[in-house]
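# Fold and contact review
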Amino acid sequence: MTKPDFHQFDDIPGTTIFTMEKAREGFALNQFCMSLRKAENRERFLADNRAYLDEWDMTEEQKQAVIDRDFQAMLDHGGNVYFLSKIFASEGLSYVQAVSTMTDMNVEQYQAMMLAGGRNVEGWRSKKERGEA
Amino acid sequence: MARITAGVTTSHVPAVGAAVDMGRTEEPYWKPMFEGYEFSKKWMADHTPDVAIIVYNDHASYFGMEIMPTFAMGIADSFAICDEGYGPRPVPVVEGAPELATHLAASLILDDFDMTVLNVLEVDHGLTVPMSLMFGTPDQWPTKVIPLPVNVVMYPQPSGERCLSLGKAIRRAVQQFDEDLDVQIWGTGGMSHQIQGARAGLINLPWDIQFMDDLINQPEVLQYKPHLEYMIEAGSEGVELIMWLIMRGALGDQVDEVYRFNHVPASNTSVGHLILTPKEI
């Protein structure tokens, strides 16, 4: 049988793979996100981010990342983008608007890249190839 | 006897659902993509199945992190539409096919596929966007649906080999159901896309097209493609394509290609769509 390797993805540049390990780290963060499926919870969260987050057993880094809308930091601390989408959906933002904040582009530049066919995989396969590892 | 008459694959981009719901399909951004589904809607009107088994993934819409089933099957009478954070999509409730679904879930478990049985399930864009693309905006959906959610969100996802085998087992189980039913199987999600991190926006259309060719012609080879290759070449969310293998397994050895369509981009995603029919029903 295959031994699980949760770190086989570590060489992919600019990418955080949501493994079973990361899912344990991010459990409370992702469950907080799930609570935003309910309209009344969205209202309470948007009215006072900190008060709502303090109801959850999250780390301070996770809470601050949410307050800062720092999606990369949320991924780093175990968040998954489908869960995190509940945060930006509660503010009426699209995936493109939120996802572009994790890149080095602004939303207009990101949309232009997508319209031109998206990000080319060439040069984006390996951190080692890019000199990042 | 029930029989699988066709397979459909399509991406299930949430923004596509939003474009349908807000009446924006004629806008210059969306028009070329929706035009690619005009053939399919006409074909589907002539080939509407009694039941569609829709293989899809939930996007943190119904399943939280408490329980993450690898393979599940909805056997309820009907399935409500999830609120994914923007309010539920204004589409009809999805009607189930509980007798066939119960037969399938039980058959698959006895065939060593340990399905999670869902007596309650709300469905998200992963299931409803393909329905909108194939059926448009009817007051009631014209077919009954058996939802088959797959974990593609958390690694380890099921292997390609397991997905293809599950499809083959579905084919056997459908053929053992006594009622005379026209059944389709849909594999949804993909194609290349990545919606997180500094590499977001990745699209690999040549890889996508090769994947389609292999899916049609040599799925037995395709099943050994490791998750890592999907993640590198098709983006972190491109791994959804393993769900297309379940559809392919259910069509038997040889298929005819009825229709193929590719379009880049829809939101962050490379859209791919196939209609296939089995050579042997």
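A brief structural summary. (Residues numbered from 1 in each chain as written. Chains lettered and ligands numbered in written order. Predicted model: local features only at pLDDT ≥ 70, side-chain atom pairs only at ≥ 80, totals over all residues.)

Below, the discussion takes up the overall build of chain A. Summing up its helical and strand segments, chain A has 10 helices and zero strands in all. In sequence order, the secondary structure elements of chain A are arranged as α-α-α-α-α-α-α-α-α-α. C-alpha atoms of chain A, sized along the principal axes, occupy 45 × 45 × 25 Å. The burial tally for chain A puts 38% of its 133 residues in the buried class. Counting only contacts in chain A whose residues sit at least 6 apart along the sequence, the fraction spanning at least 24 positions is 57%. (Helix = DSSP H or I, 4+ residues; strand = E, 2+ residues; numbered from the N terminus. Buried ≥ 20, exposed ≤ 12 C-beta atoms within 10 Å, placed from the backbone. Contact = placed C-beta atoms within 7 Å.)

So, about the overall build of chain B. Helix and strand content of chain B: 10 helices and 11 strands. Seen along its three principal axes, the alpha-carbon backbone of chain B occupies a region of about 50 × 40 × 40 Å. Looking at chain B residue by residue over its 281 residues, the buried ones come to 57%. Considering only contacts within chain B whose residues lie at least 6 apart along the sequence, 83% involve residues at least 24 apart.

Among the secondary structure elements, Ser90(A) is positioned in helix H7 (residues 81-90). The spacing of Ser90(A) and Met58(A) is 32 residues in sequence and 20 Å in space, taken between C-alpha atoms.

Our next topic: the sheet that holds strand E5 (residues 94-95) of chain B. Residues and elements named next belong to chain B. One open sheet accounts for three strands, arranged E5-E4-E7; its pairing is mixed. Edge strands, defined here as strands with exactly one partner in the open sheet, are E5 and strand E7 (122-123). Alignment of strand E4 (residues 78-81) against E5, held across two bridges, turns out to be antiparallel. Bridged to Ser78 within E5 is Glu95. (Pairing = 2+ DSSP bridges.)

Before going further, it helps to spend a moment on the sheet that holds strand E9 (residues 182-188) of chain B. Residue and element names in this part refer to chain B. Reading across the sheet, the six strands line up as E8-E2-E9-E1-E11-E10 and stay open at both edges, with mixed pairing between neighbours. The open sheet has two edge strands with one neighbour each: strand E8 (144-149) and strand E10 (255-266). Averaged over all pairs of adjacent strands, the angle between strand axes in this sheet comes to 15°, irrespective of strand direction. Across seven bridges, the pairing between strand E1 (residues 3-10) and E9 is parallel. By the bridge assignment for E9, Ile4 is matched with Val183. Packed onto the sheet, helix H10 (residues 242-249) meets E1, strand E2 (51-56) and E9 and runs at close to 160° relative to E9. (Axes fitted to C-alpha atoms, helices over the stretch in contact; angles between N-to-C directions.)

Let us now look at the interface of chain B and chain A. Listed as interface residues are 35 residues of chain B and, on the opposing side, 47 residues of chain A. Elements represented by at least two residues in the side of chain B that touches chain A include exactly helix H1 (14-21), helix H9 (227-234) and E10 of chain B. Considering each element in turn, the side of chain B that touches chain A owes the most residues, four residues, to H9(B). Residues that form the side of chain B that touches chain A fall into these classes: 19 nonpolar, 12 polar and four charged. (Nonpolar A, V, L, I, M, F, W, Y, C, P; charged D, E, K, R; others polar.)

Counting residues in hydrophobic clusters, the biggest one holds 118 residues, and the most contacted among them are Ile53(B), Val55(B), Met73(B), Ile146(B) and Met243(B). For Met73(B), the contacting residues outside a window of four places in its chain are Ala101(B), Leu104(B), Ala105(B), Met115(B), Val117(B), Leu118(B), Ile146(B) and Leu148(B). One finds Val121(A), Trp124(A), Ile203(B) and Val264(B) within the second-largest nonpolar core, a separate group that totals five residues. (Core = buried A, V, L, I, M, F, W, Y, C linked by C-beta atoms within 7 Å.)

Residues and elements named next belong to chain B. Between H1 and helix H5 (residues 125-135), the shortest axis-to-axis distance is 9 Å and the interhelical angle comes to 50°. Considering their axes alone, H1 and H5 lie oblique with respect to each other. When you trace H1 past H5, the crossing you get is left-handed. Together, Pro14, Val16, Gly17 and Val20 of H1 and His125, Thr128, Val129, Ser132 and Leu133 of H5 make up the contact between the two elements. Of the residues contributing to the contact of H1 with H5, the split by class is five nonpolar, four polar and no charged. (Parallel < 35°, antiparallel > 145°, perpendicular 65-115°, else oblique. Left-handed = near helix turned anticlockwise from the far one by under 90°.)

With 16 residues, helix H6 (residues 160-175) of chain B should cover 22 Å at 1.5 Å per step; its first-to-last C-alpha distance of 23 Å lies within 8% of that length. Every buried residue of H6(B) is listed here: Gly160(B), Cys163(B), Leu164(B), Leu166(B), Gly167(B), Ala169(B), Ile170(B), Ala173(B) and Val174(B). (Expected span 1.5 Å × (residues − 1).)

Keep in mind these values describe shape, not function.
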